Amino acid sequence: VVSRDAAEELDRIDPLRDFPARFVAPPDPGRIYLNGNSLGPLPHATAARLADAVLHEWGHQQVDGWDHWLGLSERVGNLIGQTALGAAAGQIVVADSTTVQLYKLASAALDARPDGTAIVVDRGEFPSDRYVLEGLADARGLRLIYLDSHPVHGPQPHAVARVTAAGNVALVCLSLVSYRSGALADLAGVTRAARDAGALTLWDLSHAVGAVDILLDDAQVDLAVGCTYKHLNGGPGSPGFAFVRRDVQTALRQPIQGWFGQEDMFAMGPAYIPRADVGRFQTGTPPILGLVAVESSVRLLAEAGIDRARRRAEVLTRLVVDLFDAWLAPRGFALASPREPHQRGGHIALRHPDAENICRRLQDDHGVVTDFRSPDILRIGPALLSTRFVEIWDAMDRLRRLADETGGGL
Ligand SMILES: *Cc1c(COP(=O)(O)O)cnc(C)c1O
């Protein structure tokens, strides 16, 4: 089994070893934060940048701030695209929540496939995504086809090919990294399988962005959305992004026609004429302070490099799995994530019948923050640029002791 010294050695040789100190640490020194996939931690630089934007931009410039706030949604989109998505400029806007972005792109995709009769979604997909698609299917009289993917390995290209070949599918909507198991889907393979059947694919990158080196342009992805407050560390409620491949932008119309998507918004003209670029997917005034925070945090990721962040995700999660094998498998836990690092994102799911109680006691009595997903999943989500390897070791050690204290009667 890996010793604590060996975990400390991983920190010493880590190419990103200076990054943990660049994040704000809570005052309680014993606290270990392993919920980076729900809400990423706060970089010092982002705290300072936000304070500066509040005082000097909002406070001093007042409405003149719009001279540079206009276009921020697309500039931050380009930065995310270049840093973490393998996407050329001019294909991403950042505004609205991820759920709203998903609704807008799904709706636009369905309009572009008027003969389609069905939408495909994974049965285990993130609830908000399923609810949006359920609503769209109801409103349009479409069939919702649920893909019963393997709970650990997620959706496979052959399954998508089979289900799309069977019916007249307009849209396939899937997560690149499963919020439960962390399984990493085959972006290019699934996209190709859906396209071959005439369906558009809308990817939700919420748990993947910042944890995986995503190549949207290479995979010829048409549509994607994602979160900025998870592994991009944009802060609570920071806006989601929408990616629309350049070639399909003018063929798609979004359903919420607002002035930020209008060709010449300040002409205040009588009729809606959507912009001819990705800007047409904007609706109303974007949350500027949220965008400022996202921009600052994504710059930190750019400095680290997505390839090194990805590598770190693999080594952090491998340490979790190694210690699980040694300590937790014999104590009634099961691994609910793929074993191979290249088949998963940045978090690990462990299954235990009493996961809810374990999660609560691990935080209340042992200072380790994880999260619980009903009915029996404990998610261990390192913050990929700030969790130290020795913290993983200590957290798993505390989890082992918690299991022993209660003698299996958790
Ligand atoms: C986190 C997450 C969301 C969150 O959506 P919000 O609109 O920001 O609340 C949506 N979908 C997936 C797959 C997620 O992981």
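Look above for the structure.
Let me sum up the structure you'll find in this document. Just so it is clear, the model here is predicted, and its values are computed rather than measured.

## Quick notes on the overall build of the protein chain
Link 1 in the chain: When you go through the protein chain residue by residue, the secondary structure sums to twelve helices and 13 strands.
Link 2 in the chain: Taken over C-alpha atoms, the radius of gyration comes to 22 Å for the protein chain, in line with the 22 Å a tight globule of 410 residues would show.
Link 3 in the chain: By its C-alpha atoms, the protein chain is 70 × 60 × 35 Å across when sized along the principal axes.
Link 4 in the chain: Scored against the burial criterion, the 410 residues of the protein chain give a buried share of 57%.
Link 5 in the chain: Within the protein chain, contacts between residues separated by at least 24 positions form 72% of all contacts whose residues are at least 6 apart in sequence.
Link 6 in the chain: Within the structure as shown, the protein chain displays about 16700 Å² of accessible surface, and the carbon and sulfur contribution to it stands at 52%.
Link 7 in the chain: Averaged over its 41 positive side-chain charges, the protein chain has a centre that lies 2 Å from the centre of its 50 negative ones.

## Observations regarding the side chain of Thr 191
Link 1 in the chain: By secondary structure assignment, the location of Thr 191 is in helix α8 (residues 187-196).
Link 2 in the chain: Using a relative accessible area of 2% as the deciding quantity, one classes Thr 191 as buried.
Link 3 in the chain: Other than its neighbours up to four places away in sequence, Thr 191 contacts Thr 201, Trp 203, Ala 219, Gln 220 and Val 221.

## Some points on a nonpolar patch on the surface
Link 1 in the chain: A surface patch of nonpolar side chains, about 420 Å² in accessible area, is lined by Leu 70, Trp 259, Phe 266 and Met 268.
Link 2 in the chain: Structurally, Met 268 is set in the loop between β8 (241-244) and α9 (288-304).
Link 3 in the chain: Overall, Met 268 belongs to the exposed group, its relative accessible area being 57%.

## A word on the site of the ligand
Link 1 in the chain: The environment of the ligand is formed by Ser 97, Thr 98, Thr 99, Phe 126, Asp 129, Ser 175, Asp 204, Ser 206, His 207, Cys 227, Tyr 229 and Lys 230.
Link 2 in the chain: The backbone of Thr 98 places a nitrogen or oxygen atom 3.4 Å from an oxygen atom of the ligand.
Link 3 in the chain: A distance of 3.0 Å is found between a nitrogen atom of the ligand and a side-chain nitrogen or oxygen belonging to Asp 204.
Link 4 in the chain: Classifying every residue of the shell around the ligand gives three nonpolar, six polar and three charged.

## Re the side chain of Asp 394
Link 1 in the chain: Note that Asp 394 resides in helix α12 (residues 389-405).
Link 2 in the chain: Here Asp 394 falls in the buried class, since its relative accessible area comes to 17%.
Link 3 in the chain: Asp 394 has contacts with Arg 4 and Ile 32, leaving out every residue within four places of it along the chain.

## Things to note about the packing of helix α11 (residues 355-366) against α12
Link 1 in the chain: Where α11 contacts α12, the two axes come as close as 11 Å, and the packing angle between them is 110 degrees. Between α11 and α12, the interaxial angle falls into the category roughly perpendicular. Side by side, α11 and α12 meet where Ile 358, Arg 361, Leu 362 and His 366 of the first sit next to Arg 398, Leu 399, Leu 402 and Glu 405 of the second.

## Section: the environment of Val 2
Link 1 in the chain: As for its position among the elements, Val 2 is in the segment before α1 (4-13).
Link 2 in the chain: Sequence separation between Val 2 and Asp 322 is 320 residues, and the spatial gap between their C-alpha atoms is 7.5 Å.
Link 3 in the chain: Leaving out residues up to four positions away in the same chain, Val 2 has contacts with Ala 7, Leu 319, Asp 322, Leu 323 and Trp 393.

## Remarks on the pattern of salt bridges
Link 1 in the chain: Tallied over the full model, the rule gives 27 salt bridges.
Link 2 in the chain: Close ionic contact of Asp 111 with Arg 140 constitutes a salt bridge, the shortest N to O distance being 3.0 Å. Of this pair, Asp 111 sits in helix α5 (residues 98-111) while Arg 140 sits in helix α6 (residues 127-140), placing them 29 residues apart in sequence.
Link 3 in the chain: Overall, the relative accessible area of 44% leaves Asp 111 in the partly exposed class.
Link 4 in the chain: Take Arg 140: its relative accessible area is 33%, and that puts it in the partly exposed class.
Link 5 in the chain: Residue Arg 331 is joined to Asp 404 by a salt bridge in which the shortest nitrogen-to-oxygen separation is 2.7 Å. Of this pair, Arg 331 sits in the loop between α10 (306-328) and β9 (334-335) while Asp 404 sits in helix α12; the two residues are 73 residues apart in sequence, bridging distant segments of the chain.
Link 6 in the chain: Of the residues examined, Arg 331 reaches a relative accessible area of 27% and is grouped as partly exposed.
Link 7 in the chain: Judged by its relative accessible area of 43%, Asp 404 is partly exposed.
Link 8 in the chain: Taken together, the shared-partner salt bridges connect Arg 195, Asp 222, Arg 245 and Asp 247 into one network.

Quick notes on the rules
- Residues numbered from 1 in each chain as written.
- Predicted model: local features only at pLDDT ≥ 70, side-chain atom pairs only at ≥ 80, totals over all residues.
- Heavy atoms only, no water.
- Helix = DSSP H or I, 4+ residues; strand = E, 2+ residues; numbered from the N terminus.
- Rg over C-alpha atoms; globule rule 2.2 N^0.38 Å.
- Buried < 20%, exposed > 50% of the residue type's maximum accessible area, 1.4 Å probe, protein only.
- Contact = heavy atoms within 4.5 Å.
- Areas by Shrake-Rupley, 256 points an atom, 1.4 Å probe, with all protein chains shown as cover.
- Lys, Arg positive; Asp, Glu negative; His and termini not counted.
- Charge placed at Lys NZ, Arg CZ, Asp CG, Glu CD.
- Patch = residues over 30% accessible without salt bridge, like charges linked within 9 Å, V, L, I, M, F, W, Y side chains within 5 Å.
- Salt bridge = Lys/Arg side-chain N within 4 Å of Asp/Glu carboxyl O.
- Near = heavy atom within 4 Å.
- Polar contact = N/O pair within 3.5 Å; in protein donor to acceptor, adjacent residues only side chain to side chain.
- Nonpolar A, V, L, I, M, F, W, Y, C, P; charged D, E, K, R; others polar.
- Axes fitted to C-alpha atoms, helices over the stretch in contact; angles between N-to-C directions.
- Parallel < 35°, antiparallel > 145°, perpendicular 65-115°, else oblique.

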